Every structure is written in C-alpha cells, then in structure tokens.
Amino acid sequence: TLQIVTPGSNTSLIQPGFSLLHFGNHVFYLGQKGWPKRSCPTGVFLLDLKNNVLKLRPTTFTNDSCYLPPLRHPAVCSFPTSQGGEITQYLIHGGKTPNNEISHKLYIMAMAFPVNKRVSLCCSEKDLAGDIPEARYGHSMNVVFSRGKTAVVMFGGRSYMPLNQRTTENWNNVIDCEPLIYLFDLQFGCSTSFNLRELQDGLSFHVSLARNDTVYIFGGHSMGNNFRPPNVYKIKVDLPLGSPAVSCTVINSKLSFSSSIATQTSPDEFVIVGGYESDSQKRLLCNGVFLDDETIDIQEIETPDWTGEIKHSKTWFGADMGKGAVLFGIPVDNKHQSTDCSFFFYVLNFGENDPALQTCSQGSTEEQEDSMPLEDSEEFTFNRDGNIFDEDT
C-alpha cells in the first residue's frame, strides 16, 4: 500500500540522507536539517504517525550520553541481543555534518528504560583500535553471527580527497573509499581490514542485507568509473578461535541501481525499493529478495500505484521504518511552494501491519506542542508496585 501523509510539527527538519532507528514500536529520526536547536538539543526525534499526520517529537538523552551530531548518510545497523532476537541497540558510523565535515566516529545508540512514559535514548562513542576506517559516508554496516560470536562488517563509502592532494579548486571533491572489508569486534574494540580480489572498485549508496554469517551487497555507485555494477557480492565471515576469515563470491543479478531502500518483511525476506538506475533516471521498481543458507532468489514484485508527483519528480529519498514499511519524500514543486514543508511524504507498506500502529506517540494522551510546559516543581510521578496497572492506566 502507498499512502501520502500530512506533514506536522518539526517535519521541516527532514532532509535527504536521514536515518530511522526502530526499537520495538518506537521509531526515531536521526539526521535533522541544520544543527540542533534548544527545543531538541539532541537532534533525535520520535517519529509520531497518527491519523495520517507525521510529526517529529523531541527526544532526550540520558545524562551519561555523549553528543551526537546530526549526520546525513551514515552507516546504520541494528544490533540484536542474539541471532534473530530483539533489537536493543544501533551502531552509527560516519556521515556528513551540517558543515559538510565527514565523521569517522562510531556511536552506539540504545533505548533507556522509559520513565513516566517519556522515552529517552542513551548514546555512547565506541573507540576502535587496529585498522581504523577513514571518515566516510554512503557506506554500510551489518552484524554477522558465526560460531556463537558476532562481528560487524563495514564496506564502501565516499570521503574527501587526502589532504596532500587537495587544492583550493578541488577542496570539496569526494572520491571512493578503498574497497576494503572492515571487521569490527565490539567486545575488544578492534578493527581488521581485508583486501579481497573480487572487490576492485569503490562502492557507495549500495544495499546490504545480512543473514547469519553472510552479508549480501547489491548495487551501489562507483564514482571512479561512474558505474552501477549489476552484481551481488556475497561476503562470508568465519569467526574461529584464531584469526577471522572473510571470503567473497560474485553473483550476477542484472540489477543495477543506487540509493535504494531495503526493508525486511520476514526473517528471510526483504524488499528493495526505488533508487536510481542512472544519475538522471529514477528506479520505479521493487524487488523481493529471499535468502536461505546457500542461495539467494531475487524476484521483481508488484509495484504500488505511484502517484503522478512521484513519477515526475527527479529525486526521491527515504529510510526503512521497520516491519516492511518505508518512509520516503519527494520535493514539492513550484506550484505547491506555499506549503511550509519542502517535501511530500509517503509511507509505502509491504508488511501486514498498519504503519500507524508501529510508531508510538511520546505522551500519547496529549499533544506536546498544544499544552503548557510544566515547571520542574509541578511535575509528579506515581510509583507502582508490581503490575497492578497496565501501560495506559
């Protein structure tokens, strides 16, 4: 199903390159336009989608959290408690700041225990040792499981030219990062790089899907030769007691795209939506990807009934909302410039659930922007013993 949603409060902060983090029924927005304001110093918002109105509600961090800049096009991946388990934290690496600086940092984002139905997040910075990847954006990260251990696979991206090659004329020129596979061991905080002969060209804005000990890399764009390879790179990771081993198999898929969005509809099924076939041609197709232990099956699936605005717009962007739903936007044309927001927003749903049920309003019994803020002395809480009351009482 394809549904247009009405922009509400704070949606003017949505811009291309944003990310969504989904913890259970809560979806958080990361990557706001500009630097955070006092109304939301964290720059991270709870996505509230009720009655077909999209709102961003300010979110707080715990006192022991570090600062997280608003990052566009970072690599973001969920880190479940166990294989197929509940998502308890997200990893965020790289991305561009509002000053167009490229980050090299790795952050861990977790949801803190809600107090008084107010959701807060805990953000911490993770230091790495060993082969540390350079600052980049447009890359990917995935968690793999092998022999009872976990690791994070990072690949691709773009970065600025090395300082010794930069002049005034090309200062902001970006190049492909080297096509290395990085393996992070978060337990010991170490990073190892692997140079695989199957990966010759740098790649960015690709789609990466993980299952067990394998990461599949689809599409992407190589700046060096302006090429979108029609290959799937199957990256297999083995984590024995000694040194890890990484291998790559190239599968020809005849799919050539970049900047597509992937959403997971079941443990072994994914959908790849949209993107670009070339610099000037949007990709209006959707593909189902079915993974098992050894094989990969890619099928073209029925596309939604795209609106005229979507078909005729030159650009689009979005992110995965989780549970088979995708939020994406297209620029508002000149005829509609009277609106406050620069984009039309749509929710494309491949799952069985209504996306409106996937997001949970913060303080759902009242609209924050319509109520008077309480002074500190006026706030009060109830302590509850056991589970006498349900969540809404």
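Parameters at a glance
- Residues numbered from 1 in each chain as written.
- Predicted model: local features only at pLDDT ≥ 70, side-chain atom pairs only at ≥ 80, totals over all residues.
- Heavy atoms only, no water.
- Helix = DSSP H or I, 4+ residues; strand = E, 2+ residues; numbered from the N terminus.
- Buried < 20%, exposed > 50% of the residue type's maximum accessible area, 1.4 Å probe, protein only.
- Polar contact = N/O pair within 3.5 Å; in protein donor to acceptor, adjacent residues only side chain to side chain.
- Pairing = 2+ DSSP bridges.
- Disulfide = S-S within 2.5 Å.

Q: Hey, could you go over the side chain of Q15 for me, with residue numbers and the actual values?
A: Locating Q15 in the fold gives a position in the loop between β1 (2–7) and β2 (19–23). For Q15, a relative accessible area of 13% translates into the label buried. Separated by 3.1 Å, the side chain of Q15 and the backbone oxygen of G31 make a polar contact.

Q: Describe in detail unusual backbone geometry, supporting the description with residues and values.
A: If a residue is not glycine, its phi is most likely negative; likewise, a peptide bond is most likely trans. Here the phi dihedral of N226 falls at roughly 45 degrees; this positive angle occurs in a residue that is not glycine. Within the element layout of this structure, N226 appears in the loop between β19 (214–218) and β20 (231–238). Its identity as a non-glycine residue notwithstanding, K254 has a phi of 65 degrees, on the positive side. Mapped onto the secondary structure, K254 falls in the loop between β21 (245–252) and β22 (261–266).

Q: Break down the pairing of strand β13 (residues 149–155) for me, with residues and values.
A: With respect to burial, β13 is a largely interior element, five of its seven residues being buried. Judged from the seven bridges that link them, strand β12 (residues 140–146) and β13 form a sheet pairing that is antiparallel. Paired with F145 across the two strands is T150, which belongs to β13. Hairpin connection of β12 to β13: two residues between the antiparallel strands, including R147 at a positive phi of 55 degrees. Both β13 and strand β16 (residues 181–185) contribute to a ladder of four bridges, which runs antiparallel. The residue of β16 that forms the bridge with F155 is I181.

Q: How would you sum up the pairing of strand β9 (residues 106–111)? Please name residues and give values.
A: The buried count for β9 comes to five of six residues, which makes it a mostly enclosed element. Taken together, the five bridges between strand β8 (residues 87–93) and β9 define a ladder with antiparallel strand orientation. Within the sheet, the bridge partner assigned to H93 lies in β9 and is L106. Pairing analysis gives six bridges linking β9 to strand β10 (residues 120–126), with the strands arranged antiparallel. Across the sheet, the residue bridging to A110 is C122, located in β10.

Q: Tell me about the sheet that holds strand β6 (residues 60–61), and please be specific about residues and values.
A: In spatial order, the strands read β6-β10-β9-β8-β7; together these five strands make up an open sheet with mixed pairing. For this open sheet the edge positions go to β6 and β7 (75–80), each flanked by a neighbour on one side alone.

Q: If you had to explain the state of the cysteines to someone new, which residues and values would you point to?
A: Applying the stated criterion across every chain, the model contains zero disulfides. Summary of cysteine pairing: C66 is not part of a disulfide, and the nearest cysteine sulfur, belonging to C123, is at 3.8 Å. A residue is classified by how much of its surface remains accessible, and C66, at 22% relative accessible area, is partly exposed. C122 takes part in no disulfide bond, and the closest cysteine sulfur to it belongs to C123, at a distance of 7.5 Å.

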